Amino acid sequence: MRISFAAVFQGKSSKAYVSSVAHGTPLVLSLELNKDRDVERIHESGINTLDIEPVEGRYMLSGESDGVIVLYDLENLTRKPSYTCKALFSVGKSHPDVHKFSVETVQWYPRDTGMFTSSSFDKTLKIWDTNTLQPADIFYFEGTVYSHHMSPVATQHCLIAVGTKSPKVQLCDLKSGSSSHILQGHRQEVLAVSWSPRHEYVLATGSADGRVKLWDVRRASGCLSTLDQHNGEKSKASSEAANTAHNGRVNGLCYTSDGLHLLTIGTDDRMRLWNSSTGENTLVNYGKVCNESWKGLKFAISCGCNPEFAFVPYGSTIAVYTIFTGELITVLRGHYSTVNCCVFQPHFQELYSGSKDSNILAWIPAPREPVLDDISEKSLPQQHLNPAYEDAWSSSDDEG
Amino acid sequence: MDQRLAELVEELTTSGEPRLEPGRMKELKKICKSSEEHISHAFHLLVTRLQEEHAEMRFSAFQVVQELFARSHQFRTLLIANFQEFLELTVGIDHEQPLPPPKEVAQKLRKAAIKAVQDWHEKYGEAYKQLSLGYHFLKRNKKVDFQDVHARTVAERRREEERQKRLDNVYKEKVKRTEKEMEEMSQEIADTLTEMENCFQLLMPDPFNFAVNDTELEPNKQMSVVPSSSHVEVDQSCFGYMDDEQPCCSKDILPVSQCVRTDGNKESDEKQEKPEQKELDGGTRSEVLSSDPALDDDDYQTFVRNHGLISHKYTLDLEISTDIKVQENEDNTAIINSVMDAHKLLRNKFWPSVQSWIQLLTRAGVNDDRLRCAIELKNKLETAMKKYKEMNISFKARKRKVMKASDDDDEDEDEDDFVEVPEKEGYEPHIPDHLRKEYGLEPQAAPKAPVGKVSAGPAPLSSRAQPKGNEDELDPTCAAATLKLIRDKLPKLPPPHTSESAAPEAAALEDPDGKRRKLEEERAKAPLMPFGLDLHYWGEDQPSAGKILKFTSEHRFWAPSEVEEEVENKEITEMLKTRYITFAGKFEPVKHKCRAPMPDGSLCERQDRVKCPFHGKIIPRDDSGIPVNAEDRAREEKMRFEKQAAQPEWRDPEFMREVEAATGLDLGSSKNNGKGQKKQGKKKKYPNLTDLKQQANTSRSRLEKKVFNKGAMKRVVKAMNRVDQRKHEKFANQFNYALN
């Protein structure tokens, strides 16, 4: 069973990978704000979180800071180039089970689209039935929920890791409907949690105390390892700074798609890449990654490209880095306010981003110029050019 | 060409004009047209200009941007890529980064920018995604109302709202207070109004009352009312009478038409009218005796015949003057007094406060019963006051109220309050001279005075008595006031003659008028002095004054060898006779000016009395500031010469400045001659733009600079610490000071 699912993922992503490689350069590099693609404007306050279901890559969930959850259909079936992603439904303000406060994380059930989860500052985690739009189960916590995650590859368990205001990481079991475990070790609130896409029992958590811990949930005694930014060399300098991944709060975690590396981001304006099996800091320098968020930050890593890229919210822009060299490739400008989250759609190599200005923007790879094999075709695009793109200098010289 | 482009942008943006200069703009466009590189260069130049903290500069830059935006795709792409920054700089969407001063221009810039964004969105929105995103962002997130002419952003609106809210709160508080006040006062007002109304009724019965309600009222009864209000001008009551009886014409006509009326009847009517006529003084009564046009011919004939009239067309016009006069007399004094008091209360207390309530309520936008209530009160007050005015009460000269008690009948009751004290036997009242007036006695004759040692001269006595008497009369508790009243009542009584004044008056009997006038003149001239000990003992020789009595020791053994029983102390004696008069002189404003020539060509305007702090002793000068006196001129010349000599020839400031300009070194020429030149040296970079520093240069900011100067602060802190320290040292052993 596990193999079959893995094969599905492999198949999907490798297709995209092949397509991108065939063209020579990754499509991701030509991401741009496409005028043909729009996402319906439903939200009225900032977008905190986005998630695209991994099965088809067709449906996207968005969580808003006033508690509303909206589901979009991303697929363009109209056969026209311009398409507005429609909102299929939403858990709006009038819904009886709507979250009272800001929705911090939404996630699809990794297996199918019949279920999704959402967690919010109203201290709840809700499991939704997509078809009836009713909550199937609600977990209550003592503190606000910053982040939750379900393992994308787990076959033996059905655990949701939840990071809340308390330093203990909670594990909720969907099978029994109870909070089964508590992982103790952090000293402050847990802002980010992420399951490894490679090992189903491995969980990474990032906390406001600056530490990133890797856990094996089968072990009750403690964490596997705590990531150390200095790789143990300078830790003797002060015991307090020992074993910290960042000098500020760690508010973002993301595994690479193969699960071999872990990318973390903290309020010390740094991003670090770790070898997830050894827990070693790879010391890739990304430069300053501006990060002023006091809660979790959702960033994305491309999938199926070579090399891989990270899309990181950077103020009101999105910075694109190559993961292994730390090079800043480009900056995507389009939002007018702080960007809160990015999500990558691997099948079409598209990126969606949500921001405080309540816009969801679709970043689509620019259409490739048609191969110039015919001269007659060369002049064609000129004619199709939007009249708005034309210059309008007055013709006579003296008028200027 | 790049050079030229930069120059053009600078010139265009620093012109400070509301419109771009077309020639330069044309040139700029021409350059931009030539290549894309120039466009991007121009774009960057403009963006730097947009970032300047000066609204005029931004506005001009924005106008250039607008021109180029409409023309070049390249420029549009560049601008839209940085659209957020552009919005921040022109619309001011970031509340932490408001548009720079001057304010009016900033407002204009914002308006223009918003309009431009809208236009651009309409024209290019489809093609440039980010532009439409920006438009929607402004519209939805920043809530910019594109129709709103004032183009206020959310932040501004919120600020406005907050201010409004604060105002509202203040008003609410005030309204509450007013309401309370109203509650408290309206009862009082109502009472006063009722009182006044009643007084009016008493003074002058309301004719309409009789007309409307009192149809059954007999004239007798009414007559009984009239005397009660006695000297009210009776025409008002007359009205009542008339109304009651109905005007005679109507009385006549109706019965005539019914042929019931007889002549005798009419005669009696006329008789009845006569006494009324007599009572009418001042006011006349209008009464139109005319035929009723409705009468038809037969009736007309009968009417004429019956009455023995020749014509039917008699008209009799009687004018009734509506002005009423109420004369004050003994009977209604009390009423008039209370009316007057009530009126005073209304005018001075209630009326202003009711006025202020209404003002406040309208300003606070209260539109309910409270306002209505207040307006009603106001109307009532106004009618009452108007009525009072119409009454035209002619007062007797107001006297002290205490005095009036003696006029009134209830004097006896008043006197009952006093306890009868038996006459003291053998008591020979001696009232000192200066107090006699107060007791209502004539100044005592000198020879008759039992204790009076020496008679004082008549002149000082009278001069003293005059102001004193006045003072006393003002004091109602003093008997002198009573006396004055009595004296005023009996003006024909011969002026009291004092024995002192008898002799001189006898001498001047021939011309008493001239004498009196003279006396009066002198009195007018005589200074008014405050009362003092010297006046107290004026002209009296105090035998015991200045004497210190020493008691002899009554001890059996211990006694001083010699005891002087009385010691004369000259100083004390003197003190009783001296008066200190301080003479500070009178302030005379300085009329002259210093008028020394100043470096800027004007004359010194200082008005010092003797010496100008800048130009020395003030001397007479002519119109151009040159001293009039030759020696002064020479002295000034000399001074100037000396000053020049003190400064070596080569340090001539003009020359120095030239050298400095040539070499670029600071040789200190600016130090030499102070502030004037320093200002000249500093040249404004962009003379056309509004100087923001100038605007910021208010008295407040200058004071701030002085007060919050670091050095000054340090000094003050040090001084205060020192004081604290000292206190600490002094009181360190006391626990409540030890903490400081």
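Residues numbered from 1 in each chain as written. Chains lettered and ligands numbered in written order. Predicted model: local features only at pLDDT ≥ 70, side-chain atom pairs only at ≥ 80, totals over all residues. Heavy atoms only, no water.

With that settled, the discussion passes to the overall build of chain B. Across its full length, chain B holds 34 helices and six strands. Classification of the 740 residues of chain B by burial places 30% in the buried group. Expressed as a percentage of contacts within chain B between residues at least 6 apart in sequence, the contacts between residues at least 24 apart total 60%. (Helix = DSSP H or I, 4+ residues; strand = E, 2+ residues; numbered from the N terminus. Buried < 20%, exposed > 50% of the residue type's maximum accessible area, 1.4 Å probe, protein only. Contact = heavy atoms within 4.5 Å.)

So, about the overall build of chain A. Per the secondary structure count, chain A includes two helices and 29 strands. Within chain A, the fraction of its 400 residues that count as buried is 56%. Across chain A, every contact between residues at least 6 apart in sequence was considered, and the portion connecting residues at least 24 apart equals 49%.

If you check UniProt for "coiled-coil region" (unreviewed entry), the listed places come out as residues 168-195 of chain B in our numbering. In residues 168-195 of chain B, helix accounts for 100% and strand for 0%; the two terminal C-alpha atoms are 38 Å from one another. (UniProt positions renumbered as here; feature names shortened; annotations may be inferred.)

Bringing a nonpolar patch on the surface into the picture now. Judged by side-chain polarity, L703, V707, F708 and M713 of chain B come together as a nonpolar surface patch covering roughly 410 Å² of accessible area. Mapped onto the elements, F708 of chain B comes out in the loop between α32 (699-707) and α33 (710-731). (Patch = residues over 30% accessible without salt bridge, like charges linked within 9 Å, V, L, I, M, F, W, Y side chains within 5 Å. Areas by Shrake-Rupley, 256 points an atom, 1.4 Å probe, with all protein chains shown as cover. Salt bridge = Lys/Arg side-chain N within 4 Å of Asp/Glu carboxyl O.)

For the rest of this paragraph, the subject is helix α1 (residues 2-13) of chain B. Note on helix geometry: an α-helix contains 3.6 residues per turn, so any two residues three or four positions apart are oriented the same way. Residue and element names in this part refer to chain B. Across its 12 residues, α1 extends 17 Å between first and last C-alpha, which sits within 8% of the 16 Å expected from 1.5 Å per residue. Here α1 has its buried residues at L5, L8, V9, L12 and T13. End-on, the buried residues of α1 take up no more than an arc of 115 degrees, which puts them together on one face. (Expected span 1.5 Å × (residues − 1). Arc of directions from axis to C-beta.)

As annotated by UniProt and renumbered to match this structure, "repeat: WD" (unreviewed entry) occupies residues 96-138, 183-218, 243-284 and 332-363 of chain A. In residues 183-218 of chain A, helix accounts for 0% and strand for 50%; the two terminal C-alpha atoms are 11 Å from one another.

Moving on, we come to the side chain of D51 of chain A. All names here are of chain A. Tracing the chain through its elements places D51 in strand β3 (residues 47-52). Buried and without a salt bridge, D51 has K298 as its closest oppositely charged side chain, separated by 11 Å. There is a polar contact of 2.8 Å between the side chain of D51 and the backbone nitrogen of W108. Ignoring any residue separated from it by four or fewer positions in sequence, one finds D51 in contact with Y59, M60, L61, V106, Q107, W108 and V343. (Lys, Arg positive; Asp, Glu negative; His and termini not counted. Polar contact = N/O pair within 3.5 Å; in protein donor to acceptor, adjacent residues only side chain to side chain.)

So, about the nonpolar core. Counting 69 residues, the largest nonpolar core has F311 and L351 of chain A together with L28, F83, F86, L87 and W120 of chain B as the members making the most contacts within it. Per element, the largest residue contribution to this core is nine residues, and it comes from helix α7 (residues 103-124) of chain B. If near-sequence neighbours (up to four positions away) are discounted, L87 of chain B is found in contact with Y336 of chain A together with G92, I93, V117, G134 and L138 of chain B. (Core = buried A, V, L, I, M, F, W, Y, C linked by side-chain atoms within 4.5 Å.)

On to the sheet that holds strand β27 (residues 339-345) of chain A. Residue and element names in this part refer to chain A. Read from one edge of the open sheet, four strands run β1-β29-β28-β27, paired in antiparallel fashion. Looking at which strands have only one partner, the edges of the open sheet turn out to be β1 (31-33) and β27. Neighbour-to-neighbour, the strand axes of this sheet turn through a mean angle of 30 degrees, independent of strand direction. In the sheet, β1 pairs with strand β29 (residues 360-365) via three bridges, with the strands oriented antiparallel. Bridging from a neighbouring strand, L31 pairs with P365 of β29. (Pairing = 2+ DSSP bridges. Axes fitted to C-alpha atoms, helices over the stretch in contact; angles between N-to-C directions.)

Moving on to unusual backbone geometry. Residue and element names in this part refer to chain A. At K123, a residue that is not glycine, the phi angle is positive and equals roughly 70 degrees. Here K123 shows up in the loop between β8 (115-120) and β9 (124-129). Looking at K123, the relative accessible area reads 36%, which means it is partly exposed.

Below, the discussion takes up the side chain of S62 of chain A. Note that S62 of chain A resides in strand β4 (residues 59-64). The exposure class of S62 of chain A is buried, given its relative accessible area of 0%.

Residues and elements named next belong to chain A. Read from one edge of the open sheet, four strands run β7-β8-β9-β10, paired in antiparallel fashion. At either margin of the open sheet sits one strand with a lone partner, and together these are β7 (103-108) and β10 (134-140). The average angle at which neighbouring strand axes cross in this sheet is 20 degrees, direction not considered. One ladder, built from five bridges, connects β8 with β9; its direction is antiparallel. Looking at the pairing, S119 lines up with L125 of β9.

Residues and elements named next belong to chain A. This model, assessed by the stated rule, comprises 29 salt bridges over all chains. In this structure, D73 and R58 form a salt bridge, with 3.0 Å as the shortest nitrogen-oxygen distance. You can see D73 sitting in strand β5 (residues 69-73) and its partner R58 sitting in the loop between β3 and β4, a full 15 residues away along the chain. Of the two residues, D73 and R58, neither departs from the other in class, the shared state being buried. In this structure, E104 engages K295 in a salt bridge whose closest nitrogen and oxygen atoms are separated by 3.2 Å. Residue E104 is found in strand β7, and its partner K295 is found in the loop between β22 (280-281) and β23 (300-301); the two are separated by 191 residues along the sequence. The exposure class assigned to E104 is buried, which follows from its relative accessible area of 1%. For K295, a relative accessible area of 14% gives the class buried.

Residue and element names in this part refer to chain B. Taken together, the side chains of K710, K714, K718, R722 and R726 present a region of like positive charge at the surface. Take K714: it is sitting in helix α33. Accessibility expressed as a relative area gives 62% for K714, which makes it exposed. (Charge placed at Lys NZ, Arg CZ, Asp CG, Glu CD.)

Residues and elements named next belong to chain B. Summary statistics for chain B give a mean pLDDT of 70 and a share of 61% for residues scoring 70 or more. Below a pLDDT of 50 lies the segment residues 495-508, which in the model reaches 11 contacts outside its immediate sequence neighbourhood of four places, other chains included. ipTM for the predicted complex: 0.73, alongside a pTM of 0.51. (pLDDT = per-residue confidence, 0-100.)

So, on to the packing of helix α2 (residues 22-34) of chain B against helix α3 (residues 36-50) of chain B. Residues and elements named next belong to chain B. Across the interface, α2 lies against α3 with an axial gap of 5 Å and an inter-helix angle of 130 degrees. Considering their axes alone, α2 and α3 lie oblique with respect to each other. From α2, I31, C32 and S34 reach across to α3, where they touch H38, I39 and A42. In terms of residue class, the contact of α2 with α3 is built from four nonpolar, two polar and no charged. (Parallel < 35°, antiparallel > 145°, perpendicular 65-115°, else oblique. Nonpolar A, V, L, I, M, F, W, Y, C, P; charged D, E, K, R; others polar.)

Right, let's talk about the packing of aromatic side chains for a bit. Tallied over the entire structure, the rule returns 15 aromatic pairs over all chains. Between F311 of chain A and F344 of chain A, the ring centres sit 5.4 Å apart and the planes meet at 15 degrees, which makes this aromatic pair stacked. Highlighted residues: F311 of chain A in strand β24 (residues 309-314) and F344 of chain A in strand β27, separated in sequence by 33 residues. Each of the two residues, F311 of chain A as well as F344 of chain A, counts as buried. Between F69 of chain B and W120 of chain B the ring centres are 3.8 Å apart and the planes differ by 20 degrees, which places this aromatic pair in the stacked class. In this pair, F69 of chain B sits in helix α4 (residues 55-69) while W120 of chain B sits in helix α7, placing the two residues 51 residues apart along the sequence. The exposure class of F69 of chain B is buried, given its relative accessible area of 0%. Judged by relative accessible area, W120 of chain B falls into the buried class, the value being 5%. (Phe/Tyr/Trp six-rings, centres within 6.5 Å; stacked < 30°, edge-to-face > 60°.)

The next point concerns the pairing of strand β6 (residues 83-91) of chain A. Residues and elements named next belong to chain A. Taken together, the three bridges between strand β2 (residues 37-39) and β6 define a ladder with parallel strand orientation. Bridge pairing links V39 to C85 in β6. As paired elements, β5 and β6 share five bridges and run antiparallel to each other. When the bridges of β6 are listed, L71 appears paired with F89.

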